[in-house]
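Spelled out from the first residue to the last, the chains are:
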Amino acid sequence: MSATLIDGQAIAAKVRGEVAEGAKKLLERGITPGLAVVLVGEDPASQVYVRNKSKACVEAGLAVFDHKLPATTGEAELLALVSALNADPRVDGILVQLPLPKQINSQKVLESISPDKDVDGFHPSNVGQLWTGQPRFVPCTPFGVMRLLKESDTQIAGADAVVIGRSNIVGKPMAALLLSANATVTICHSKTRDLPEVVRRADIIVAAIGKAAFVRGDWVKPGATVIDVGMNRNAEGKLCGDVDFAAASERARAITPVPRGVGPMTIAMLLENTLRSAERR
Ligand code: GUN
């Protein structure tokens, strides 16, 4: 392999250390940043995410308010909880773990979160703030990717960036951030024609498709930076990304591994968003 490995685990630890410092300063003013984490149901992946988020908060000196509700919870009940959290002065950030059970309209719940406590950055008001270049809260995964690009000395201004995937959680906010940083951005998806040819033009590739080893090594332009947001299980049950890592690392200048790449950054940036919210108290 010739590419430099972008160590998300180490960079996330650095961010969490910065957050812990910030939290210590706030404590001198009598403020403890607080994050409310709401999990509805027993989805195993969501349970792991929520546990990791809570643990990282406590380690950085943030208060966590965990709310675990049964899978049968109704929409009205969840909206009532969000409303109480909106009004709770100890809570600086509210995270409702997605996906939610089918009987609940997720968009309605996300829109009920106060935009001033929306540390996920999913409220339409925060989406608008991001796209108009005045971000209040930046969605955690793309925010983490921007930090990885910075830490790996990737030139963004003027670069051709290709984002594969158009979700509200990753692809769309990722494109907004790269555009704000003066990249020329292409968003690809399942209907994109000649995807390999489009990806071959990219100086920066962000893969967020959700299919193991979907991006082949020969799609990677020599010298490109490759960021793999994927979290898939391969046939042997091993965690792997959206990029054929072994082949891509032969051509990339820098690349993130899976695990220990983007994943740890999502949690670190959630802590950072919660700290920033508390600083605005
Ligand atoms: N589910 C998967 N990723 C996320 C995320 O970043 N935030 C929330 N709330 N739910 C998720």
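Above this text sits the structure in question.
Here the structure is a predicted model, which means the values were calculated and not measured.

Q: Would you explain the layout of surface pockets in this entry?
A: Where empty space is left can be seen by rolling a probe of water-molecule size over the atoms. Considering only enclosed or pocket space, the largest pocket measures out at about 1,500 Å³ in volume. Lining the largest pocket are 49 residues, with Y49, M231, G263, T266 and I267 sitting closest to its centre. Contributions of two or more residues to the lining of the largest pocket are made by α1 (8–28), α2 (44–59), β4 (93–96), α6 (140–151), β9 (232–233) and α10 (262–279). Of all the elements, α2 adds the most residues to the lining of the largest pocket, at nine residues. Approximately 240 Å³ is the volume found for the second largest pocket. If you go around the second largest pocket, you meet 13 residues; those closest to its centre are Q107, F122, V127, N168 and I169. Elements represented by at least two residues in the lining of the second largest pocket include exactly α4 (106–112), α5 (124–131) and α7 (171–180). Residues that form the lining of the second largest pocket fall into these classes: nine nonpolar, three polar and one charged.

Q: Would you explain a nonpolar patch on the surface in this entry?
A: A grouping of V127, W131 and L179 is seen on the molecular surface, where their side chains present a nonpolar patch of about 280 Å² in accessible area. Positionally, W131 belongs in helix α5. Take W131: its relative accessible area is 43%, and that puts it in the partly exposed class.

Q: What is the right way to read the packing of α1 against α6 from this model?
A: Helix-helix packing: each pair is described by the crossing angle between the helix axes and the interaxial distance. Where α1 contacts α6, the two axes come as close as 11 Å, and the packing angle between them is 110°. With respect to each other, α1 and α6 are oriented roughly perpendicular. Only R147, L148 and E151 of α6 make contact with α1, whose side of the interface consists of G8, I11, K14, V15 and E18. Classifying every residue of the contact of α1 with α6 by side-chain character gives three nonpolar, one polar and four charged.

Q: Just checking my understanding: could you explain the sheet that holds strand β6 (residues 184–188) for this structure?
A: Think of a sheet as strands paired side by side through backbone hydrogen bonds, with each pair either parallel or antiparallel. Taken together, the six strands give an open sheet; going across it, the order is β1-β11-β8-β7-β5-β6, and neighbouring strands pair in parallel fashion. Edge positions in the sheet fall to β1 (4–5) and β6, since each of these pairs with one other strand and no more. On top of the sheet, α6 reaches β7 (204–207) and β8 (225–228); it is set at about 150° to β8, its chief contact. Contacts between α7 and the sheet are confined to β5 (160–164), β6 and β7, with β5 contributing the most and set at about 170° to the helix.

Q: Honestly, the packing of aromatic side chains in this entry has me stumped. Any pointers?
A: Between two aromatic rings, the relevant description is the distance of the centres plus the angle of the planes. Under the definition given, this model contains one aromatic pair. Arranged with centres 5.8 Å apart and planes meeting at 85°, the rings of F214 and W219 form a pair that is edge-to-face. On the accessibility criterion, W219 (9% relative accessible area) is buried. The ring of F137 has R280 lying over it, and the distance from NZ or CZ to the ring centre is 4.9 Å.

Rules of the game
- Residues numbered from 1 in each chain as written.
- Predicted model: local features only at pLDDT ≥ 70, side-chain atom pairs only at ≥ 80, totals over all residues.
- Heavy atoms only, no water.
- 1 Å grid on protein atoms, 1.4 Å probe; cavity = no way out; pocket = protein on both sides within 12 Å on 5 of 7 lines; lining within 4 Å.
- Points joined across faces, edges and corners; volume = space filled by probe spheres on them.
- Helix = DSSP H or I, 4+ residues; strand = E, 2+ residues; numbered from the N terminus.
- Nonpolar A, V, L, I, M, F, W, Y, C, P; charged D, E, K, R; others polar.
- Patch = residues over 30% accessible without salt bridge, like charges linked within 9 Å, V, L, I, M, F, W, Y side chains within 5 Å.
- Areas by Shrake-Rupley, 256 points an atom, 1.4 Å probe, with all protein chains shown as cover.
- Salt bridge = Lys/Arg side-chain N within 4 Å of Asp/Glu carboxyl O.
- Buried < 20%, exposed > 50% of the residue type's maximum accessible area, 1.4 Å probe, protein only.
- Axes fitted to C-alpha atoms, helices over the stretch in contact; angles between N-to-C directions.
- Parallel < 35°, antiparallel > 145°, perpendicular 65-115°, else oblique.
- Contact = heavy atoms within 4.5 Å.
- Pairing = 2+ DSSP bridges.
- Phe/Tyr/Trp six-rings, centres within 6.5 Å; stacked < 30°, edge-to-face > 60°.
- Lys NZ or Arg CZ within 6 Å of the ring centre and 35° of its normal.

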